[in-house]
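Here's the letter readout for the chains.
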Amino acid sequence: MRTTVRLFTGTALAVAALGAVAAPGAYANNNRPESLEVFPSSASPGTTVTVNTLACGEHGHGVGDANSLGAGEFQLNPSTHKEVVVGQFNVPEHAKPGTYGISVACDNGRTARGDLTVKHRSPSGHVQTGVGGSVGPDTAQVTAGAAVLAAAAVGGVWLLRRRASGAQGH
C-alpha cells in the first residue's frame, strides 16, 4: 500500500511541476507580439515597403509604426485574403543603413512586430571616382593598348622562330 501511495504522490508532484513550468509559457505567448511580414525585408531609401499580419483578425484595422527609421505612422486595412491586414510606407531618402523594428498596434489590442533592413543605395549613372575611365572607353587609349599588345605578340613570335631555327648568337 505504501508503494502505491508513493507512486501516486510522485506522479502528482511531476504533473504539478510540469503544469507550473508550462503555464507561464502559455500565458507569455498571449502577450507576445505576433509576426509582421515585411516585404521586401531589405530595401534601399525611396523603396515602398508592404507589411501584413494576421494579428488584427478578420475585418480588423491597425496603425503601423515606422518611426524608428523616420517613416512615421501608416494605416493597415483588411486585404483580399481572409484575416490579413496590409499597409505600406516609404523608406525615407535620409534613412541610414541598418536594421529597424517595425510594429503594428491593432484595434483589437493585439500587436505585431517585424524587422526591415535598410541597405546602401546602389549608385546609378556614371561614378565620378577621379581616376578616369569611369565614363567610357577613350578611343586613343584603346588603340594604343591594342598596338602595344600587337607589338608584344609579333616580338614574341619572332623570338620563338629565331630560337627554333638555331640562329642564336654566341
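What you are looking at is a predicted structure, and each value in this text was computed from that prediction instead of being measured.

Chemist: It is not clear to me how the pairing of strand β6 (residues 73–78) should be interpreted in this structure. Could you clarify?
Modeler: For a regular strand, side chains alternate in direction, first toward one face of the sheet and then toward the other. Judged from the four bridges that link them, strand β5 (residues 62–65) and β6 form a sheet pairing that is antiparallel. Directly across from Gly-62, in β6, lies its bridge partner Leu-76. Note that β6 and strand β7 (residues 85–90) share two bridges and pair antiparallel. Looking across to β7, one finds that Pro-78 is bridged to Val-85. Hairpin connection from β6 to β7: six residues lie between these consecutive antiparallel strands, with Glu-83 at a positive phi of about 70°.

Chemist: Would you mind going over the side chain of Ser-44 with me for this structure?
Modeler: In this structure, Ser-44 sits in the loop between β3 (42–43) and β4 (48–53). Residue Ser-44 is classed as buried on the basis of its relative accessible area, which comes to 15%. Non-local contacts of Ser-44, meaning those with residues more than four positions away in its chain, are made with Val-91, Lys-119, His-120 and Arg-121.

Chemist: When you look at the state of the cysteines in this model, what are you seeing that I'm missing?
Modeler: When the sulfur atoms of two cysteines share a covalent bond, that bond is a disulfide. With the rule as written, the count across this model stands at one disulfide. Residue pairing for Cys-56: its cysteine sulfur links by disulfide to Cys-106, the two sulfurs lying 1.9 Å apart. On the sign convention where negative is left-handed, the bridge of Cys-56 and Cys-106, at about -75° about the S-S bond, is left-handed. Of the two residues, Cys-56 is situated in the loop between β4 and β5 and Cys-106 in strand β8 (residues 98–106); the sequence distance between them amounts to 50 residues. Classification of Cys-106 by relative accessible area gives buried; the value is 8%.

Chemist: Would you explain the side chain of Thr-53 in this entry?
Modeler: Counting through the fold element by element, Thr-53 comes out in strand β4. Residue Thr-53 is classed as buried on the basis of its relative accessible area, which comes to 3%. There is a polar contact of 3.1 Å between the side chain of Thr-53 and the backbone nitrogen of Ala-55. Once you skip the residues sitting within four places of it in the chain, Thr-53 turns out to touch Ser-35, Leu-36, Glu-83, Val-84, Val-85 and Ala-112.

Chemist: Before we go on, may I ask you to explain the nonpolar core in this structure?
Modeler: The tendency in soluble globular proteins is for nonpolar side chains to be buried side by side. Grouped together as the largest cluster of nonpolar side chains are 22 residues, with contacts concentrated most on Val-49, Val-51, Leu-69, Phe-89, Val-91, Ile-102 and Leu-116. Of all the elements in the fold, those that place two or more residues in this core are β4, β6, β7, β8 and β9 (111–118). A per-element tally of this core places β8 first, with four residues. Setting aside its immediate chain neighbours within four residues, Ile-102 contacts Leu-36, Asp-65, Ala-66, Leu-69, Phe-74, Phe-89, Ala-112, Arg-113, Gly-114 and Leu-116.

The rules behind these values
Residues numbered from 1 in each chain as written. Predicted model: local features only at pLDDT ≥ 70, side-chain atom pairs only at ≥ 80, totals over all residues. Heavy atoms only, no water. Pairing = 2+ DSSP bridges. Helix = DSSP H or I, 4+ residues; strand = E, 2+ residues; numbered from the N terminus. Buried < 20%, exposed > 50% of the residue type's maximum accessible area, 1.4 Å probe, protein only. Contact = heavy atoms within 4.5 Å. Disulfide = S-S within 2.5 Å. Polar contact = N/O pair within 3.5 Å; in protein donor to acceptor, adjacent residues only side chain to side chain. Core = buried A, V, L, I, M, F, W, Y, C linked by side-chain atoms within 4.5 Å.

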